[in-house]
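Residues per chain, in single letters:
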Amino acid sequence: EEPPGDGTEPWGGGLHNSNNNASPVGWPGPCGTRPFSPFAARTASPEPSYVERVVLEIVESERTYARDLRSIVEGYLGKIIDAEEPLLRPEQVSALFGNIEDIYELSSNLLQSLDSCDHDPVAVAVCFVTRSQDFDIYTQYCNNYPNSVAALTECMRNKQQAKFFRECQEQMRHALPLGAYLLKPVQRILKYHLLLQEIAKHFEHKSGDDYEVVVEAIDTMTCVAWYINDMKRKHEHAIRQQEIQSLLLNWKGPDLTTYGELVMEGTFRVHRVRNERAFFLFDKALLITKRRGDHYIYKNHIPCSSLMLIESTRDSLCFSVAHYKHIKQQYSLQAKSAEEKRMWTHHIKRLILENHHAIIPQKAKEAILDMDLFHPPRLPRCSPERLKKSWSCQPLEEP
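Residues numbered from 1 in each chain as written. Predicted model: local features only at pLDDT ≥ 70, side-chain atom pairs only at ≥ 80, totals over all residues. Heavy atoms only, no water.

Looking at an unreviewed UniProt entry, one finds the protein named PKHG3 protein and attributed to Nothoprocta ornata.

(A) Highlighting the pattern of salt bridges. Within the structure shown, the criterion is met by 17 salt bridges. Notably, a salt bridge pairs R63 with D115, separated by 2.8 Å at the nearest N-O pair. Placement of R63 in helix α2 (residues 50-82) and of D115 in helix α4 (residues 100-115) is noted, with a sequence separation of 52 residues between them. When its relative accessible area of 31% is taken as the criterion, R63 is described as partly exposed. Under the relative-accessibility criterion, D115 is labelled partly exposed at 41%. A salt bridge links R70 to E74; its shortest N-O distance comes to 3.2 Å. Linking R70 with E74, this pair stays in helix α2, spanning four residues, or about one helical turn. (Salt bridge = Lys/Arg side-chain N within 4 Å of Asp/Glu carboxyl O. Helix = DSSP H or I, 4+ residues; strand = E, 2+ residues; numbered from the N terminus. Buried < 20%, exposed > 50% of the residue type's maximum accessible area, 1.4 Å probe, protein only.)

(B) Expanded view of the pairing of strand β7 (residues 318-323). Across the six residues of β7, six count as buried, placing the element largely inside the fold. Side-chain alternation along β7 places C318, S320 and A322 on one buried face and F319, V321 and H323 on a second face that is also buried. Here five bridges tie strand β6 (residues 307-311) to β7, and the two strands are oriented antiparallel to one another. Its bridge partner lying in β7, L307 is registered against H323. Where β6 folds back on β7, the antiparallel hairpin that results is connected by six residues. Pairing between β7 and strand β8 (residues 326-334): five bridges, direction antiparallel. (Pairing = 2+ DSSP bridges.)

(C) Molecular detail of the packing of aromatic side chains. Enumeration over the complete set of coordinates arrives at 14 aromatic pairs. Residues F268 and F319 carry aromatic rings whose centres are separated by 6.0 Å and whose planes lie at 85 degrees to one another, so their mutual orientation is edge-to-face. Taken as a pair, F268 in strand β2 (residues 262-270) and F319 in strand β7 lie far apart in primary sequence, 51 residues in all. On the basis of relative accessibility, which here comes to 0%, the residue F268 falls in the buried class. Since its relative accessible area comes to 0%, F319 is described here as buried. Taken together, the ring pairs connect F268, F279, F319, Y331 and W344 into an aromatic cluster. Taking NZ or CZ as reference, K184 lies 5.2 Å from the ring centre of Y181, over its face. One residue, K336, lies across the ring of F268, its end atom 5.8 Å from the ring centre. (Phe/Tyr/Trp six-rings, centres within 6.5 Å; stacked < 30°, edge-to-face > 60°. Lys NZ or Arg CZ within 6 Å of the ring centre and 35° of its normal.)

Structural data, given as structure tokens:
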């Protein structure tokens with residue numbers, strides 16, 4: 001049962017809350033979870049359809065979610081701002097809460113629109129389609145979330161700040177601490193497309209304009225989830241790239257950011273080399289280093305425009321890389337698994353093709369990469385071109 005005055009339930013077996021449960025409410029539970037009444041047959045209303053129950057779940061879970069966001073904004077952030085003596089430094093507040101106020105405003109407006117849909121699944125789908133660009137504020141929140149966790153950890157080590165947060169939790173009668181509530185936007189944005197998919201699965205007529213609107217809503221929110229995950233990955237890679245730069249010894253070249261995004265990194269045994277080598281594959285170069293403690297000693301680098309890949313026919317786990325002008329200086333690498341080899345050779349081929357000086361037709365590139373029998377996951381109806389049109393991509397902030 002829910003604690004009095006709280007919209008969440010204790011999480012068990014991993015992170016879970018009622019906001020993000022994709023199972024529609026009102027489904028019959030095991031062994032008579034509904035109370036028996038001798039007058040039920042007279043007073044019961046017609047049983048809602050599956051789609052109606054899914055729509056109800058979307059609306060009611062959004063209501064609970066908006067209430068949880070309000071508790072963060074008013075029950076924690078508002079009290080910090082209104083305090084006579086500053087409890088947290090301004091940079092702590094910014095890192096801890098991010099743009100939670102913008103998230104709350106969007107959820108409140110979305111809930112207002114959902115309430116006016118009168119449980120019409122098509123009208124609910126339209127609410128998401130018309131707000132496709134508004135959801136980009138979640139990207140900023142998700143990118144900041146690691147900073148939020150770090151800031152909260154720092155606050156809980158301070159006795160005065162930790163006491164303040166506990167008192168806020170008690171006043172709002174929350175069963176869970178602030179950290180659980182700050183995670184909710186990250187969870188919620190990745191659940192919308194799953195809930196909408198439940199509508200499509202059980203839609204009465206899987207054709208016509210109404211069904212197309214539902215499918216468009218699914219595509220929209222799937223693209224949002226994909227975009228946020230992709231931006232999160234790029235943000236993490238950018239942080240890792242700066243970390244590599246700070247740990248790299250004997251490097252006299254330019255800043256590593258000039259070589260584009262970090263695509264892959266790994267440690268391999270190299271033929272005729274005693275110690276393993278750490279390889280970093282960037283968009284425009286392959287960096288070869290030797291690990292020494294926490295640092296990396298620079299050994300060599302090969303621009304992707306000059307990179308050669310030689311796959312071994314004798315050993316299924318081996319492949320070689322070299323500069324095409326220095327073919328005798330090959331690095332023969334041994335992967336730990338066939339999957340690791342396939343991943344590395346696929347991305348090396350892709351980057352060789354993308355950085356080649358000659359203009360290679362797109363179909364030829366695809367044909368070469370398809371020979372790997374490796375296809376990166378692609379979401380249907382969500383092309384990069386569509387993302388560029390639907391999203392105003394902002395550059396990532398420096399960590």
